[in-house]
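Given next are the chains, with one letter for each unit.
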Amino acid sequence: MPEPLFTPEEQLQFDRGIDELLTHYPPDRKSAAMLPALRHLQTLKGWLPPEGMALVAQRLGTTKERAYEVATFYVMFHTEKPGRYVIDVCTNLSCALRGAEGLLTYMEQKLGTHAGTNGDKYFLRETECLASCGTAPCLQINEDHHENLNKAKVDALLEKLK
Amino acid sequence: MTHAAPVEKVMTKNWANPGQNTLEGYQRSGGYTALKTALEWAPAKVIDEVKKSNLRGRGGAGFPTGLKWSFVPKDNPKPKYLAINADESEPGTAKDRFILENDPHMLLEGIAIACWALGAHTCYIYARGEFKYPSAVLDKAIAEAYAAGIFGKKLLGKDFELNVYQVRGAGAYICGEETALLESLEGKKGWPRLKPPFPAVVGLFGCPTVVNNVETIASLPPIINQGAEWFAKLGTEKSGGTRLVTLSGCVNRPGTYEVGMHTSLRDLIYADEFGQGLPAGRMVKAVIPGGSSAPVLNAAELDTKLEFEAFKPMQSMAGSGGVIVMDDTCCMVRCLWRVARFYAEESCGQCTPCREGQPWMARLLRKIEEGLGDMDDLKTLMNVAASIAPWPPIGLGNTICALGDAGALPVQSFVTKFKDDFVKHIENKGCPHGDKPWGHFGDFV
Ligand SMILES: Cc1cc2nc3c(=O)[nH]c(=O)nc-3n(C[C@H](O)[C@H](O)[C@H](O)COP(=O)(O)O)c2cc1C
Ligand code: SF4
Ligand code: FES
């Protein structure tokens with residue numbers, strides 16, 4: 001028997017979350033809840049396992065292909081299991097003018113990885129403008145936002161990632 | 001020391017008040033009195049007031065808000081929707097997030113006023129997926145508004161149901177384009193729709209839908225409280241109010257500031273209240289005035305006012321208020337390459353000129369930056385851009401949505417205004433700035 005996707009506790013949370021989301025849309029538009037529903041699944045499991053996407057699709061009255069199509073369109077959805085820490089560094093223009101290229105190189109050196117490579121512990125990526133242009137440079141660690149960065153601040157942040 | 005003409009604070013007036021981002025704090029500074037007033041008026045009067053205020057959309061296009069609202073058909077029996085654009089992804093732009101973080105009820109009160117005026121009983125706020133903190137503050141504010149009986153079955157006690165939901169995106173710039181936003185709200189990938197029909201007629205779930213930016217709608221409470229005339233008078237002839245701009249790049253004090261429509265780019269960059277100039281010895285070389293889609297300006301064009309009409313003669317736009325400053329030690333090729341790479345990444349892939357053209361332009365720019373380009377590459381670059389959108393711009397280009405133009409116009413304006421820089425790369429077979437292309441603040445320290 002394959003291991004079930006959810007523990008009983010997770011199953012409860014999953015169902016409750018989907019039930020709540022469905023109240024936000026007209027009854028004949030259940031599939032509109034796709035983005036929030038996938039986000040909900042990703043919050044529970046850390047990524048979007050195929051069986052999970054199939055469940056989402058089923059609850060939303062649509063096909064698993066539709067779920068997959070949506071999941072792969074948006075960069076924040078992980079259709080493959082990411083490293084424990086997903087680190088997104090903005091290298092867009094406003095950040096680049098405040099040292100973002102150097103920040104990215106510094107991160108690569110400190111973490112011993114290359115941008116774009118998914119590892120067990122770190123998944124370092126270049127990302128687009130994160131609305132911190134006036135407080136550049138910036139990055140996000142598992143969606144937590146950090147701005148006005150310098151080497152000392154980055155060192156302190158990385159200290160905490162055990 | 002240089003000072004700009006004083007600006008009456010409208011949007012940021014209460015940000016420093018303790019607890020302003022809670023319902024209690026918001027009510028302490030007069031919150032929800034505008035909604036009370038608006039609910040005593042007929043919806044048509046509210047729309048009229050918004051028209052008179054000269055409020056123009058702060059999301060990018062600067063479209064008159066009252067006029068947009070009047071396109072919603074009166075006799076359509078379908079439900080109407082309001083969709084708030086909180087996708088804030090235009091490079092250089094960081095303002096809506098501060099409204100959500102500092103004064104979320106200002107947006108929520110604006111939403112209630114707009115929904116009353118439009119006869120909409122449901123509003124979706126589409127926030128970009130990366131906004132973890134701003135979205136959390138907003139969620140809390142929404143919950144407070146329900147608990148206090150402001151939203152729900154009876155809007156502030158009135159026989160008018162209003163439900164407001166926040167939906168979070170998941171990382172796609174294109175979903176800031178209004179029809180891609182609607183597709184995404186319908187649970188799909190963000191592929192823009194052909195217009196017409198416009199969303200005001202056929203929008204979310206096939207129903208009439210108004211899409212407005214966060215800052216636009218957050219402007220409504222002060223308009224109702226202090227009157228359309230007051231708001232109009234704050235601004236210039238055709239652009240009412242004040243606006244939030246984000247100043248970034250090579251200035252001493254980058255940040256998000258509330259400016260007057262009469263404030264010039266020069267004042268924004270140099271005045272003590274705002275950017276405080278550039279480091280000693282540095283000068284402005286180039287400025288992108290309204291988010292990275294807006295055609296670039298040179299140092300001779302800094303006296304332009306930050307209002308919506310003023311950039312037209314320069315073939316540029318006030319856009320989303322993202323002002324990006326490049327100093328005289330920045331490499332224009334490298335800066336443009338960075339912008340081009342963004343549009344290449346973010347093209348949704350639906351139209352051939354955009355899907356193929358944006359990455360092609362990014363590759364050509366990289367080639368020139370690395371000293372491997374020739375004059376034919378420069379010609380090809382401009383031809384590819386022209387196949388997406390003509391230059392000078394004459395309205396919409398050859399693609400389904402304006403992302404096509406957004407990627408082509410920077411290329412065309414950079415190459416037109418700073419041609420020498422491109423030619424030098426080609427003639428010298430390399431970047432004249434060596435490994436320091438990003439100007440005074442470009443090192444990571
Ligand atoms: C590619 C593209 C991206 C856009 N991104 C945003 C955005 O992030 N936020 C926004 O408010 N408007 C954005 N817009 C503009 C919207 O399409 C729309 O005009 C705006 O939300 C309308 O609101 P307003 O009239 O209040 O400005 C974008 C447009 C395009 C073409
Ligand atoms: S112009 Fe680009 S982003 Fe817009 S619909 Fe076409 S391919 Fe998609
Ligand atoms: S360019 Fe990096 S946050 Fe905007």
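Quick caveat: nothing in here was measured; it's all calculated off a predicted structure.

**Quick word on the domain arrangement of chain B**
Residue and element names in this part refer to chain B.
Then comes step 1: You can read the domains of chain B as domain 1 (23–233), domain 2 (241–327) and domain 3 (332–428).
Then comes step 2: If you look at the interface, domain 2 gives 13 residues, while domain 3 gives 15 residues.
Then comes step 3: With both sides pooled, the region where domain 2 packs onto domain 3 buries about 1,200 Å², and carbon together with sulfur makes up 67% of that total.
Then comes step 4: The interface formed by domain 2 and domain 3 contains two salt bridges.
Then comes step 5: Measuring nitrogen to oxygen at the nearest pair gives 3.3 Å for the salt bridge that ties E301 to K417.
Then comes step 6: In this structure, the connection of domain 2 to domain 3 is made through six residue pairs in polar contact (both at pLDDT 80 or more).
Then comes step 7: Listed by contribution, the elements that provide at least two residues to the side of domain 2 that touches domain 3 are β7 (284–288) and β8 (297–298).
Then comes step 8: Sorting elements by how many residues they give to the side of domain 2 that touches domain 3 places β7 first, with three residues.
Then comes step 9: In the side of domain 2 that touches domain 3, the residues fall into seven nonpolar, four polar and two charged.

**Here's the deal with the site of ligand 2**
Then comes step 1: With respect to spatial proximity, 13 residues lie near ligand 2, and among them C348(B), Q350(B), C351(B), C354(B) and C401(B) are the closest.
Then comes step 2: Partitioned by chemical class, the residues of the shell around ligand 2 number eight nonpolar, five polar and no charged.

**Brief notes about empty space enclosed by the protein**
Residue and element names in this part refer to chain B.
Then comes step 1: Taken as a whole and judged by the stated rule, the model has one cavity of 30 Å³ or more.
Then comes step 2: Along the walls of the largest cavity sit 13 residues, with C348, Q350, C351, C354 and C401 positioned nearest its centre.
Then comes step 3: Its residues assigned to classes, the lining of the largest cavity comprises eight nonpolar, five polar and no charged.

**Focus on the sheet that holds strand β2 (residues 122–127) of chain A**
All names here are of chain A.
Then comes step 1: What the four strands build is an open sheet, ordered β2-β1-β3-β4; its pairing is mixed. Of all the strands in the sheet, just β2 and β4 (144–146) have a single pairing partner and so form its edges. Neighbour-to-neighbour, the strand axes of the sheet open up by a mean angle of 20°, direction not taken into account.
Then comes step 2: Bridging between strand β1 (residues 85–90) and β2 involves six bridges; their strand directions are parallel. Bridge pairing in β2 links D88 to R125.

**What about the site of ligand 1?**
Residue and element names in this part refer to chain B.
Then comes step 1: Looking at ligand 1, there are 18 residues lining it, with G59, K68, N85, N213 and T216 nearest.
Then comes step 2: At 3.2 Å from an oxygen atom of ligand 1 is found a main-chain nitrogen or oxygen belonging to E88.
Then comes step 3: At 3.4 Å, a backbone N or O of S89 approaches an oxygen atom of ligand 1.
Then comes step 4: For ligand 1, the accessible surface in isolation is 620 Å², of which the surrounding protein chains cover 90%.
Then comes step 5: The dominant element in the shell around ligand 1, judged by the number of residues it contributes, is strand β4 (residues 209–213), at three residues.
Then comes step 6: For the shell around ligand 1, the residue count by class is four nonpolar, eight polar and six charged.

**Considering helix α7 (residues 151–159) of chain A**
Residues and elements named next belong to chain A.
Then comes step 1: For α7, the full list of buried residues reads V154, L157 and L158. Viewed along the axis of α7, the buried residues span an arc of 95°, placing them on a single side of the element. Turned more than 90 degrees off the buried face of α7, the exposed positions are A152 and E159.
Then comes step 2: Where the residues of α7 are buried, they touch α6 (100–111), β3 (139–141) and β4.
Then comes step 3: Where α7 begins, the side chain of N150 points an oxygen toward the backbone nitrogen of A152, at a separation of 3.3 Å.

**Notes on the side chain of E128(A)**
Then comes step 1: Position of E128(A) relative to the elements: it lies in the loop between β2 and β3.
Then comes step 2: The class for E128(A) is buried, based on a relative accessible area of 12%.
Then comes step 3: Within the local environment of E128(A), its side chain forms a polar contact with the side chain of N92(A), the two groups lying 2.9 Å apart.
Then comes step 4: Engagement of the side chain of E128(A) in a polar contact is seen with the side chain of R338(B), the distance being 3.3 Å.
Then comes step 5: Discounting residues that sit within four places of it in the chain, E128(A) has contacts with C90(A), N92(A), R338(B), F342(B), E345(B) and E346(B).

Calculation rules
Residues numbered from 1 in each chain as written. Chains lettered and ligands numbered in written order. Predicted model: local features only at pLDDT ≥ 70, side-chain atom pairs only at ≥ 80, totals over all residues. Heavy atoms only, no water. Domains from an automatic or database assignment. Contact = heavy atoms within 4.5 Å. Buried area = accessible area lost by both parts, 1.4 Å probe. Salt bridge = Lys/Arg side-chain N within 4 Å of Asp/Glu carboxyl O. Polar contact = N/O pair within 3.5 Å; in protein donor to acceptor, adjacent residues only side chain to side chain. Helix = DSSP H or I, 4+ residues; strand = E, 2+ residues; numbered from the N terminus. Nonpolar A, V, L, I, M, F, W, Y, C, P; charged D, E, K, R; others polar. Near = heavy atom within 4 Å. 1 Å grid on protein atoms, 1.4 Å probe; cavity = no way out; pocket = protein on both sides within 12 Å on 5 of 7 lines; lining within 4 Å. Points joined across faces, edges and corners; volume = space filled by probe spheres on them. Pairing = 2+ DSSP bridges. Axes fitted to C-alpha atoms, helices over the stretch in contact; angles between N-to-C directions. Areas by Shrake-Rupley, 256 points an atom, 1.4 Å probe, with all protein chains shown as cover. Buried < 20%, exposed > 50% of the residue type's maximum accessible area, 1.4 Å probe, protein only. Arc of directions from axis to C-beta.

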